[in-house]
Structures are given as C-alpha cells and as structure tokens.
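Inside the fold
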Protein chains: 2
Amino acid sequence: MKMEKIHINQVKDHIGKQVTITGFAQVFRDQKNIKFLLIRDISGVIQVVITKDKEDAFKNSAGLSLESVVEIAGLAKEEKQAPGGFEIAGESITILSLSNPELPIPVVEKGQQEETDQSIRLDWRWIDLRKEKNTLVFKVWTVMEQGFREYWVNNNYIEIHSPKLIATASESGSEVFEVKYFERKAYLAQSPQFYKQMAMAGGFEKVFEVGPVFRAEPSFTSRHATEFTGYDAEISYIESHHDVMAEEEKAIAYALQKVKDAYDEEILKVFGREVVVPAVPFPKISMKETKEILAGMGIKGDKDGDISPEEERKICEYVKEKHGHEFVFITEYPISARPFYHMRDEKNPKITKSFDLLWNGLEVTTGAQREHRYDVLVAQAKEKKMDIEHIQFYLDFFKYGCPPHGGYGMGPNRMIMQLLGLDNVRDAMFVYRGVNRLTP
Amino acid sequence: MKMEKIHINQVKDHIGKQVTITGFAQVFRDQKNIKFLLIRDISGVIQVVITKDKEDAFKNSAGLSLESVVEIAGLAKEEKQAPGGFEIAGESITILSLSNPELPIPVVEKGQQEETDQSIRLDWRWIDLRKEKNTLVFKVWTVMEQGFREYWVNNNYIEIHSPKLIATASESGSEVFEVKYFERKAYLAQSPQFYKQMAMAGGFEKVFEVGPVFRAEPSFTSRHATEFTGYDAEISYIESHHDVMAEEEKAIAYALQKVKDAYDEEILKVFGREVVVPAVPFPKISMKETKEILAGMGIKGDKDGDISPEEERKICEYVKEKHGHEFVFITEYPISARPFYHMRDEKNPKITKSFDLLWNGLEVTTGAQREHRYDVLVAQAKEKKMDIEHIQFYLDFFKYGCPPHGGYGMGPNRMIMQLLGLDNVRDAMFVYRGVNRLTP
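This text gives an overview of the structure that appears in the document. (Residues numbered from 1 in each chain as written. Chains lettered and ligands numbered in written order. Predicted model: local features only at pLDDT ≥ 70, side-chain atom pairs only at ≥ 80, totals over all residues.)

1. Things to note about the packing of helix 9 (residues 374-383) of chain B against helix 10 (residues 388-395) of chain B
Residues and elements named next belong to chain B. What counts, and what does not: For every element, the axis is a line fit to its C-alpha atoms; helices are fit only across the contacting stretch, and the angle between N-to-C directions ranges from 0 to 180 degrees. Under the DSSP-based scheme used, a helix requires at least four consecutive residues in state H or I and a strand at least two consecutive residues in state E, with every element numbered from the N terminus. Roughly parallel means an angle under 35 degrees; roughly antiparallel means over 145; roughly perpendicular covers 65 to 115; every other angle is labelled oblique. Left-handed describes a crossing whose near helix is turned anticlockwise from the far helix through less than a right angle; right-handed describes the clockwise counterpart. Note on contacts: residues are paired as contacts if their backbone-placed C-beta atoms lie within 7 Å. Gly is placed with the polar residues, together with every amino acid not listed as nonpolar (Ala, Val, Leu, Ile, Met, Phe, Trp, Tyr, Cys and Pro) or charged (Asp, Glu, Lys and Arg).
Viewed as axis vectors pointing N to C, helix 9 and helix 10 meet at an angle of 155 degrees, and their least axial separation amounts to 12 Å. If you check the angle between helix 9 and helix 10, you find them roughly antiparallel. Every pair of crossing elements has a handedness; the one defined by helix 9 and helix 10 is right-handed. On the side of helix 9, the interface is formed by Y374, L377, V378, A381 and K382, while helix 10 contributes I388, I391 and L395. Grouping the amino acids of the contact of helix 9 with helix 10 by side-chain chemistry returns seven nonpolar, no polar and one charged.

This is the structure in structure tokens:
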C-alpha cells in the first residue's frame, strides 16, 4: 500500500491518517521498548515514535546513525508532549542513505555551546546548510530575487546574460582574474556595467541582469568575496540619476514586500528581526551634506569624497533617528571618487550624477547617470589616465546613437546580510569564495 | 510645457493629443517643405512629419543622421498613408545623441538585399540588436526565463548561485578554462552539476540555478559557444529519472505557455512560426528502441550508444509524425555514454537511469537520476578511470546522508533557437563567445 507522501508541516492536516514522510534523522533517543526519532525535512521537524511491536521498523531504526536519510510511514497524531504538538506513530522505516556516524560538524548545536568556527563550517558547507537558519537564508533569497525580477519584468525590462569572459582588463582599478583562453588571455568580468550600456546603445531601453561577478582583490573582510552575485539594472531616456534612484527604490520596496508576505514570521522566529518594507521615496543626502552632518556629529572620515564604513554606519544612524528610515541614498560624489563613465553635473563639473545606497550602515548599491556623449566620454577617460586602446570597444558603443541612460548595481549577498542581520557575507552565500578558499 | 511621454505603440490611444516620444531615427526623407522621419523605440516604429512652418524642428532635423537618438513632441494623428496608420505632426525635435553618419552595418536591410555576414554583424552587435527580430529574441527570452522561474518558485524550488571558480578540473572529458587565482590555479565550472547535488546533500530538496557555463572546447559549429547560459534543476526523493522528466516537461509546458500568451502574434509576424505549447506527458523512447526505429528507417548512426545530430533530426521527424509532438525524451543511455555519477538500472546495470530531451531535432537537455550511495559512486568513478583525489570533495557530499535525487540541465540558447527557428546559436545569445571571439 502506497501511503500519501507529505511534508512534515502538513502532518497537522492529516491527523488520524496514514502518511509517509522523508527526511534526515536529527535526534535519536533509544529506550528499551520504544524509540524516539526527530525527523527533519525542508518544511520542519517532527517526532516519530517506534514501539517494539512494530518489529521491522524497530529493528531498522536500531541501525540508524544521526543525519541518515529515511522514509517513514505511520499514523499522524496530535501529541501534546511532542515538540510542536504532533507526532507520527511509525510503522515502517526505510533507510535511504546511511550517514557515517562520525559527523564532522553538528547540525543542531547543543544547549549554550558556541557554534563551530566558521572556517570549519565552510569546509562542510553542505552539512552546515542543513541548519534551519541557513536553509531559511536561501528560501528568503529565492523570494527576494523573484521579487526584484517581477518588478523588472512587470515594468518591461529585458533580461540579458552578458559575457563573463572579456578581452581586456579595463573597467576599474581593482584586480581582475586572468584566464587562459586557447592561445591568448581573457579576463573575468568584474561587473556587467559595459554590457548593460551596450544594451542601451542597442535600443533595449530597460534591462536587468542577475549573474556572478569576480573580484581578484586580496580582501579578507566580513563583507568581501572573490566571487559573488550581482543584480544590475540600466534604463534609458532618463533626465538624471534621480530617475534611476526612483526606479531602484520601487524595486527594493516591491521585493521586500514579497519577502515580508512570505517569511515575516519565520524571519522573526529564527533571526529575531522584523522585515521592514521601506517607504518610497527613500531619504537622499548629497555627499557634501553628508560630510557636514558627520562633522556636526564630531566624526572625521575619509576626505577624498568617499565615506568610510564607520561613516556609513553613523549617517545611517542619523537618518534612522531623523527620518525613521533604514535606507539612505548618498548622492553627488566628487569626480575623484567615481569612474570616468559617470556623468558630471552640468552646473558643478566637480561632482558626478551618482549615488550609493546604504542600508542600516552598509553600502548595498552604486549607481549613476552614465556619460553617453562620445567626445565627453573620451575626454573623461583621458583625464582619468585610462588606456584608450583597451576601452575602445566600449567607447564605440556611443558612436552610432545612444540614448541618455543610467543604472545601478546591487549586491544581493549584502542585502541578505542586512535583511537577516547576518554579520558575515560568507553566511549569505551558498558557497563562499575567498583568497584562500576554493572548496568545496 | 511638459507633454506626456509615451511609447510609440501607445500613439494610437492618444489621437488628437500632444505627445512626446523618444527613439532612433531609422529612415529619413527630405523634401523641400516637409521632412518625413521614421522613429523607432522598443515598442515599434512611427512616422513623424515636420513641416517648414515648425522652424526650429525643421532646422534641427536637417542636421540629423540615421540612427541618431531624438526626442520629438507633436500631435498624434491618424493617417492612412503612414506605415501602421498613425503619425505624429512634429512640433519640436531634440537631438539626444548624434550618430556618426557612416554606419558600419545597416539596421534595416534594403529590399531583397542579403543580410550582412554574421561575423561582421557580431562585431557591431549593439547595432545588430536594434533590428526588430533581434530585440524580439530577448523579449521572448525574458518571458521564457521568467516562466521557468515561476514554475520552480511556485513549486518550492530554492534558488542557488553556485561558484563558477572551482579548485579542480574534473567533471567531464571536455576541456575547462584555467584561471590564475592569486598564487594558484582555479578553473571555470562547466556546469553547476556537483553543486546542485551538494544542495541535495544539504537538504534543500528542490533547487534551480540560472547562470553561465564555460566550455573550452574548440568547436566551431552553429550549436556551440565557449560561454552560454545554463538552466539547472535538481530534486530529491525521486524513485527514478521518470520523476525528473515529469517535472521537466511540466516546467517547459508552463514556460512555453507564458511565451505564447505574451508573444504569439509577434513571433508569427516576425519569425513566421507558431508557438506550440507541448502536451504533457512528452513521448519517451528508450535508446535501444530509438536505434531500432532508426534502423527501420534505414539510418545508421553512432554505435557507441549515443546518437548523432542526423539521428536526432530523424527520430524527431518520426515522433512528430507518429505522435504529433515536437519533443521526445530519449531514455536509458548505456553506461559508456554517460558520466560516472549517473545511476544505473537495477535490472540492467549496463544502462543508466538517464535521458536527453530533443526538440525538433536538437538536444536541449541532459538529465538523470544520480548515484547517491557513496560506495557505489566510488566504484563507478574508479571504473571510469576518474582521478579519485580530484573528486574527493564531491564524493564527500555523500558520506553524511544524502537523499536519492536527480535533475536536468537545459540550454536556453538552444531553446530559443528552436522556439524561433534560428539556425545559429550565435543569434540566440546577447553577446557570443567562441574560440576566436572575445569582443565586443
């Protein structure tokens, strides 16, 4: 007899019925005439009780090791003593995959015991991912990403998948990875920036891309990785970077509403945080004003027109208190702090039509209106001492008609950190890559 | 006065009103007292008429070159003589970006003139993309991809972004790209296969991934590229590869329905093809039976258990005629034709629980149930002469409990080829990458 296969969170709807569940054996308590198992699947955890009279099941469960994978059939019951209030009276148990009893890291931490060191957890990432909080990270990610995509698709953005293998190491000062490409060299793209702009020159008007970006920076901070996911959007026929910010803040509010609708309770339970859907428009403060506010708070930071991580935290605290908002756009960065392709302000050519977005003290976005006028772009590239030959393929995009445009790049790993209150980006990526880490 | 900014396909809803449009100047006809422009945006093309009495507009349009980008304000009108039946009586024209008058390739082919050679078109891809048919490719792609994702998300798949930088060149016989990774070597992932399986060992149950895959094969065919997009899905607790096929065919039917709903008419108009939403379940034929059918048709092909491109076409013609279906799963490939990690049939250990999916003569998918039992997997790897040390990180995924699972990898570039009847994959990717092509 094939019983109905259900997820563990559906047991409560099948009381008094025969059901079949599958999952990992998480805890095991063996008494003389009765065995208690805790079984975990993607939806939750449930207690299974196996009594001695169920001979085969009783015998099978004797050979079970922690984290083995099993299929269990039995009667769904309410049981006040059981964790969660339900249990299954097991009638048969099939071992689908027997775990080595020597688990390298625990899935369930015992009592007040501190969590295993991160670098060891990352060595055994697939076991680490079994923890409720780590699985929830990626359930939330899935909804967040789909939220952004729904916003873009509903608003007629076209999706692109731009090449990650590129001919020249060019765009920015940070280091790029070199690839052996048949008889020559290629490089890994640090961002889809140039190709989003190519789509604008191609008349696509609005595009988005989700894909990996690669940075060969020897950074060892809690916010950096050598490979991570980027969300990118670019739009045509804008009047200034303010049109870009207006689009971005709507996309963020839409995506976070989707997350709140789907996982508000679970995020509160597991991470102790409430999902706040930000009000639109977001607060916007120019870089100049930001520095003045920080000076007023007695904080001295980077003077080259950029702001330090400490300044990012402080200005966010200020905005939170003053405007009750978790987000703030810092606008109009000086040209020294921005790449050659950012458009400059018509009235004040020392500043760019650019912005960063900070969320609760962390930079999650960089954006700008781009310079689409060929001659101006070449002049700005020369002023920045760019090697024109290396970027000629890019400059060519602007020779045969290109709409005015701008866009933003966003880091979903950092978004997830801020959303869930994670203190390290390594916990916000499926598999982390750093200078010293290429496995698993 | 700021007039309402609209898209060209909305002009028909604004007859008698002042409107503003933006776009590329596609055709230009200059008469003594009147100028005719065709302006193209992402939604369509419209005629703009500028008469001499609109002095500024008349003067501005005199300096216009083909493919320049303009903003035009004027009166929306019905006009039987105009292409499409509508036009704008232009009152002002602002040149947003002036094109170099020497266009390297035409956007609109003249009359019966053959299209520019593909390699030249690819050199100027951003101009090539302005053609209606090329823009439509990516509009369709956007809806198709969102369709697949909706299917997956609605069915509780978790999204992963697995690393493209990996430590060992391992999985298959085809060549991998080598990356200089600080003081050591890394490689670019040929598929997310191992990491999808890691997610299964992590208890994720169902996952999907959309991302780039890299193949260092020196292939110059119309179906190959060195970098392309992969759609991947993997599911746990299956009984066989038939559960995987059942999931895949539902996802395909769902996505193609979305494409049909959104672009049926346009695809018919531009590509002369009807979008056929395939009936579920798809026809399934074992490799053995496939060979018998082909032999009955007098076709001799590869004998090593795989089928040649010609055989793929012929068996699809057979299925189309016999079952009226554009898709067919070829199942149960012999172990010689499949990688070590495909599970073998319990009753006939010479064949694998695997499949390919063909669509109108082209392979678009490979899938299988995977071997999740550590000891069996190691034995199969040894039999295939794999270097165990190089894949130990992968084998470890199966040591600490792993549900039975399987999945598929799909090529959206090839899906788009078959959907729109393109004869070359290079036209089905935003920017093509091949042995001799790394730009733009």
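2. Observations concerning the sheet that holds strand 13 (residues 284-286) of chain B
Residue and element names in this part refer to chain B. What counts here: A pair of strands counts as paired when DSSP detects no fewer than two bridges linking them.
With respect to topology, eight strands assemble into an open sheet ordered 7-11-12-17-16-15-14-13, the strand pairing being mixed. Strand pairing shows two members of the sheet lacking a second neighbour, strand 7 (158-159) and strand 13, which therefore form its edges. Of the pairings in the sheet, the one linking strand 7 to strand 11 (residues 206-214) comprises two bridges and is parallel in character. Counted as the bridge partner of E159 is F208 from strand 11. Along the sheet, helix 6 (residues 241-271) contacts strand 12 (227-236), strand 13, strand 14 (327-331), strand 15 (354-359), strand 16 (362-369) and strand 17 (405-410); its crossing angle with strand 16, the most-contacted strand, is approximately 135 degrees.

3. Focus on the environment of E326(B)
Residue and element names in this part refer to chain B. Here E326 is to be found in the loop between helix 8 (309-323) and strand 14. Measuring from C-alpha to C-alpha, the distance between E326 and N360 comes to 5.3 Å, with 34 residues separating the pair along the chain. Ignoring anything within four residues of it in the chain, the contact list for E326 reads V276, P278, K320, W359 and N360.

4. Concerning the pairing of strand 5 (residues 69-78) of chain A
Here strand 2 (residues 18-30) of chain A pairs with strand 5 of chain A via seven bridges, running antiparallel. Within strand 5 of chain A, the position partnered with T20(A) by the bridge is A73(A).

5. Focus: the interface of chain B and chain A
Residue-level contacts link 72 residues of chain B with 71 residues of chain A. Split by residue class, the side of chain B that touches chain A holds 40 nonpolar, 18 polar and 14 charged.

6. Re the packing of helix 4 (residues 132-154) of chain B against helix 6 of chain B
Residues and elements named next belong to chain B. Contact geometry for helix 4 and helix 6: axes closest at 7 Å, N-to-C directions at 160 degrees. The pairing of helix 4 with helix 6 is recorded here as roughly antiparallel in orientation. Between helix 4 and helix 6 lies a crossing of right-handed hand. In contact with E132, K133, L136, K139, V140, V143, M144, Q146, G147, F148, Y151 and W152 of helix 4, helix 6 contributes K250, A251, Y254, A255, K258, V259, A262, Y263, E266, I267, V270 and F271. Residue classes in the contact of helix 4 with helix 6 are distributed as 16 nonpolar, two polar and six charged.

7. Here we look at the sheet that holds strand 15 (residues 354-359) of chain A
Residue and element names in this part refer to chain A. One open sheet holds the eight strands; their spatial order is 7-11-12-17-16-15-14-13, and the pairing between them is mixed. Both outer strands of the open sheet, strand 7 (158-159) and strand 13 (284-286), are each paired with one neighbouring strand and no more. Where strand 14 (residues 327-331) lies against strand 15, five bridges are found, and the strand directions are antiparallel. When the bridges of strand 15 are listed, T331 appears paired with F355.

8. Regarding the relation of the copies chain B and chain A
Each of the two chain copies can be generated from the other by rotation about an axis followed by a shift along it. Convention followed: Copy-to-copy alignment: least squares on C-alpha atoms, limited to residues at pLDDT 70 or above in both.
Mapping chain B onto chain A calls for a screw motion: a turn of 180 degrees about the axis and a shift of 0.0 Å along it, with 0.0 Å RMSD after fitting. The two molecules are tied by a two-fold rotation axis, judged by turn and shift. Using C-alpha coordinates, one finds that chain B approaches the rotation axis most closely at V179(B), a distance of 2.2 Å. By residue overlap, the copies meet face to face through one surface: 99% of the interface positions of chain B are interface positions in chain A.

9. A closer look at the pairing of strand 12 (residues 227-236) of chain A
Along any regular strand the residues' side chains alternate between the sheet's two faces. All names here are of chain A. Our working definition: Residue burial here comes from a neighbour count, namely the number of other C-beta atoms, placed from the backbone, that lie within 10 Å of the residue's own C-beta, with 20 or more meaning buried, 12 or fewer meaning exposed, and in between meaning partly exposed.
Counting buried positions along strand 12 yields 10 of 10 residues, so the element is predominantly enclosed. As paired elements, strand 11 (residues 206-214) and strand 12 share nine bridges and run antiparallel to each other. Note that in strand 12 the partner of G211 across the bridge is G230. Two elements, strand 12 and strand 17 (residues 405-410), share six bridges in a ladder whose sense is antiparallel. When the sheet's bridge partners are listed, S236 is paired in strand 17 with H405.

Geometric descriptors of this kind do not, in isolation, establish any biological role.
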